[in-house]
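# Examination of the molecular architecture
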Number of protein chains: 2
Amino acid sequence: MDIQLKRGLLDVCVLAAIKNEDSYGYQIIKDMKPYLELSESTLYTILKRLETADMLTVRSAEHGGRLRKYYHITGKGLARIEEFRDDWKEILPIYQFITREEAEHE
Amino acid sequence: MDIQLKRGLLDVCVLAAIKNEDSYGYQIIKDMKPYLELSESTLYTILKRLETADMLTVRSAEHGGRLRKYYHITGKGLARIEEFRDDWKEILPIYQFITREEAEHE
DNA sequence: CTATATACATCGTGATACGATGTATTCCAT
DNA sequence: ATGGAATACATCGTATCACGATGTATATAG
C-alpha cells in the first residue's frame, strides 16, 4: 500500500486496536498485521504521540516476570475514531472522483 | 479532513483531475475544490513531483495573451490511478476494523 | 548453552503539505 | 484611465511523520 495513504490510517488503526480491550505494543502489531503492517519503531512513535495528545493512557504491569506497558484508550481517543467516521463520508465522493470512468469512448 | 488522510489522496486526485482532459493549475484547483481543497503552493509542488515521476507531461500554451501550462497524464499516471483502486481494496477491511462495534454491552 | 521470540526505546533521514511571499497579466467597475 | 480583484505560476522555510538501523533486556525452546 502507498505510504502516504497508510499515514492517514495508522493513528486511528492503533486506537481501534485498543478500543475494546487494553493492549500492549507487540500485541497491537499482531492484531493490526492482517490489515496494516507496521514496524516497532513506527508503533512506539505513534503510541508516544497518541499519549501526548491524551488519546490514550499507559500503565505498566508485570507479565511472566517481565514488564509490559498496557495502553488504554481515552474519551479523546474514542472521539478521534468518530472523527474518522466523518472523514470517511468525505472520502467516498473523492474515491468516486478518482475512479470515475468518464468520456471513455467504446 | 485530517491532513494525514488527505496526503494519501492528493497525488491521485490531481491525476484524476487531468485524466479526461488536459488542464492547468488554476482549473485543477477549481475542479478539485468540491472534493478536496488544496492551496496553490501545494498543487505546484505536486505537479512538479508528478512530472519528475513521469506521471504527466507539461506543455505551455497561450491563452488570452497569457501563458498557461497544460498538464497531460501519461501511461504511468494512469497506472498510478489503477494502483489506487488496488489500495482501495485493502482500505475497505481497514475501515471495517476501525469502525467495528465489538463487545459493546447493551 | 545458544538462538529465537518477546518487549520496549531512540536516532537520523527523507518525504511532504502548506503558509508566506513574490511576480506578472487580464478584466471590470468607478 | 485607474485601481483592485482574479488569474496564473513559482519558491522558501517549517513542522510533521514513517521507518530502517540499532540497542537493551528477558523468557523460552532446542
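An account of the accompanying structure is given in this report. Values in this document were obtained by computation on a predicted structure and should not be read as measured data. (Residues numbered from 1 in each chain as written. Chains lettered and ligands numbered in written order. Predicted model: local features only at pLDDT ≥ 70, side-chain atom pairs only at ≥ 80, totals over all residues. Heavy atoms only, no water.)

Considering the arrangement of structural elements, one finds A:Asp11 in helix H1 (residues 3–17). Those residues within four positions of A:Asp11 in sequence are excluded, and the remaining contacts are A:Ile46, A:Arg49 and A:Leu50. (Helix = DSSP H or I, 4+ residues; strand = E, 2+ residues; numbered from the N terminus. Contact = heavy atoms within 4.5 Å.)

Before going further, it helps to examine the protein's contact with DNA strand C. Taken together, 24 residues lie around DNA strand C, and A:Glu40, A:Arg66, A:Arg68, A:Lys69 and B:Arg49 are the ones closest in. Backbone sugar and phosphate groups make up 67% of those atoms of DNA strand C lying within 4 Å of the protein. At 2.8 Å from a phosphate oxygen of DNA strand C is found a side-chain nitrogen or oxygen belonging to A:Tyr44. At a separation of 2.9 Å, a phosphate oxygen of DNA strand C approaches a polar side-chain atom of B:Lys6. Within the residue set of the surface near DNA strand C, elements represented by two or more residues are helix H2 (25–32), helix H3 (40–52) and strand S2 (66–73) of chain A together with helix H1 (3–17) and helix H3 (40–52) of chain B. Taken together, the residues of the surface near DNA strand C break down into six nonpolar, eight polar and 10 charged. (Near = heavy atom within 4 Å. Polar contact = N/O pair within 3.5 Å; in protein donor to acceptor, adjacent residues only side chain to side chain. Nonpolar A, V, L, I, M, F, W, Y, C, P; charged D, E, K, R; others polar.)

Note on the copies: chain A fits chain B at an RMSD of 0.0 Å, the axial shift is 0.0 Å, and the rotation between them is 180°. Taken together, these values place the two copies in the relation of a two-fold axis. Interface overlap between copies is the fraction of interface residues in one copy that are interface residues in the other; for chain A against chain B it reaches 100%, indicating a shared surface. (Least-squares fit on C-alpha atoms with pLDDT ≥ 70 in both.)

Below, the discussion takes up the interface of chain A and chain B. Taken together, the 36 residues of chain A in the interface contact 36 residues of chain B. Between chain A and chain B, a total of about 3,700 Å² is buried, with carbon and sulfur atoms accounting for 66% of that surface. The interface formed by chain A and chain B holds six salt bridges in total. B:Glu101 is the partner of A:Arg85 in a salt bridge, and the nearest nitrogen-oxygen pair spans 2.8 Å. Across the chain A-chain B interface, the total number found is 12 residue pairs in polar contact (both at pLDDT 80 or more). Elements that contribute at least two residues to the side of chain A that touches chain B include exactly H1, H2 and helix H4 (75–99) of chain A. Counting residues per element, the side of chain A that touches chain B draws most heavily on H4(A), which supplies 15 residues. Looking at the side of chain A that touches chain B residue by residue, the classes come out as 20 nonpolar, four polar and 12 charged. (Buried area = accessible area lost by both parts, 1.4 Å probe. Salt bridge = Lys/Arg side-chain N within 4 Å of Asp/Glu carboxyl O.)

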